[in-house]
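Residue-level structure breakdown
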Amino acid sequence: MSTITMKKIAIGALFTCATAIYGTVSAHVVLEYQVAPAAASYKATLKVGHGCGASPTRQVVVDIPDGFRGARPQPKRGWTLDVQRAKLATPYTSHGRSVTEDTIRITWTARTPEDALPSAHYDEFVLVGQTPQQAGLLYWPVRQICPDGRNDWTEVPQPGQKLQELKFPAAMLEVLPSSAGAGHAH
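Residues numbered from 1 in each chain as written. Predicted model: local features only at pLDDT ≥ 70, side-chain atom pairs only at ≥ 80, totals over all residues. Heavy atoms only, no water.

Points about the nonpolar core
The tendency in soluble globular proteins is for nonpolar side chains to be buried side by side. We count it as follows: Put simply, a nonpolar core is a bunch of buried Ala, Val, Leu, Ile, Met, Phe, Trp, Tyr and Cys residues held in one set by side-chain atoms that sit within 4.5 Å of each other. For the exposure calls, accessible area comes from a 1.4 Å probe over protein chains only, and a residue counts as buried if that area is under 20% of its type's maximum, exposed if over 50%, partly exposed in between. A run of DSSP states H or I qualifies as a helix once it reaches four residues; a run of E qualifies as a strand once it reaches two. Both are numbered from the N-terminal end.
With 28 residues, the main nonpolar core has V62, L127 and W140 as its most contacted residues. When residues of this core are traced back to their parent elements, those giving at least two are strand 3 (41–48), strand 4 (59–63), strand 7 (97–110), strand 8 (123–130), strand 9 (136–140) and strand 12 (171–176). Y139, L166, A170 and M172 belong to the second largest nonpolar core, which has 5 residues in total.

Describing the sheet that holds strand 10 (residues 142–146)
Put simply, the rule is: In this scheme, strands are said to pair when DSSP sees at least two bridges between them. Lines fitted to C-alpha atoms define the axes, with helix axes restricted to the stretch in contact, and inter-axis angles between N-to-C directions lie between 0 and 180 degrees.
On the basis of which strands lie adjacent, the open sheet formed by 5 strands has the order 6-7-4-10-11 and antiparallel pairing. Every interior strand has two partners, whereas the edge strands, strand 6 (79–94) and strand 11 (149–153), have only one. Sheet twist, expressed as the mean angle between neighbouring strand axes with direction ignored, is 15 degrees. With 5 bridges joining them, strand 4 and strand 7 adopt antiparallel strand pairing. Each bridged residue has a counterpart across the sheet, and for V60 the counterpart in strand 7 is W108.

Structural notes on the state of the cysteines
This is how it is decided: Only a pair of cysteine sulfur atoms within 2.5 Å qualifies as a disulfide here.
A full pass over the atoms with the stated rule returns 1 disulfide. A sulfur-sulfur separation of 2.1 Å characterises the disulfide bridge that pairs C52 with C146. In this structure, the disulfide formed by C52 and C146 twists by about 70 degrees around the S-S bond and is classed as right-handed. Of the two residues, C52 sits in the loop between strand 3 and strand 4 while C146 sits in strand 10, which places them 94 residues apart along the sequence. For C146, a relative accessible area of 4% translates into the label buried.

If you want it as structure tokens, here you go:
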């Protein structure tokens with residue numbers, strides 16, 4: 001068997017394994033990159049593959065998981081941004097200053113019906129921030145609001161339950177232990 005054929009088989013096996021673990025990409029809102037190291041800069045790209053039935057998406061609301069720091073959204077042409085912040089129970093230090101409040105929710109809203117995401121189209125909603133210091137799973141509840149209905153992708157699996165068993169699963173990020181000697185990067 002050639003090296004190219006072996007690589008194609010390996011890539012296919014990885015894709016099959018990832019699909020089994022995380023479900024199908026078009027079925028719900030998911031993160032483009034579902035694994036990241038702890039205490040690292042992370043670009044969260046939420047992929048929205050459809051509307052609410054035939055109704056277009058006019059608003060996307062993302063709750064920022066506990067421990068994810070400094071979330072900042074990427075603006076989208078034709079959409080307004082609302083960033084909600086709250087006081088932290090435990091402040092942290094970033095770039096030499098004490099941070100006492102942080103982003104807890106980001107909302108993108110289409111300015112006009114023409115700016116809404118048609119159900120037959122795909123788009124991405126992006127934010128950046130820093131992953132928690134500790135490894136573990138982070139769930140990103142996302143509410144997709146349409147003129148005729150909504151999809152609340154907010155379900156989190158209970159112990160022993162698989163993510164793909166949920167009807168409306170929250171997007172998931174697996175935070176891996178950071179590498180020894182890894183520092184803060186932008």
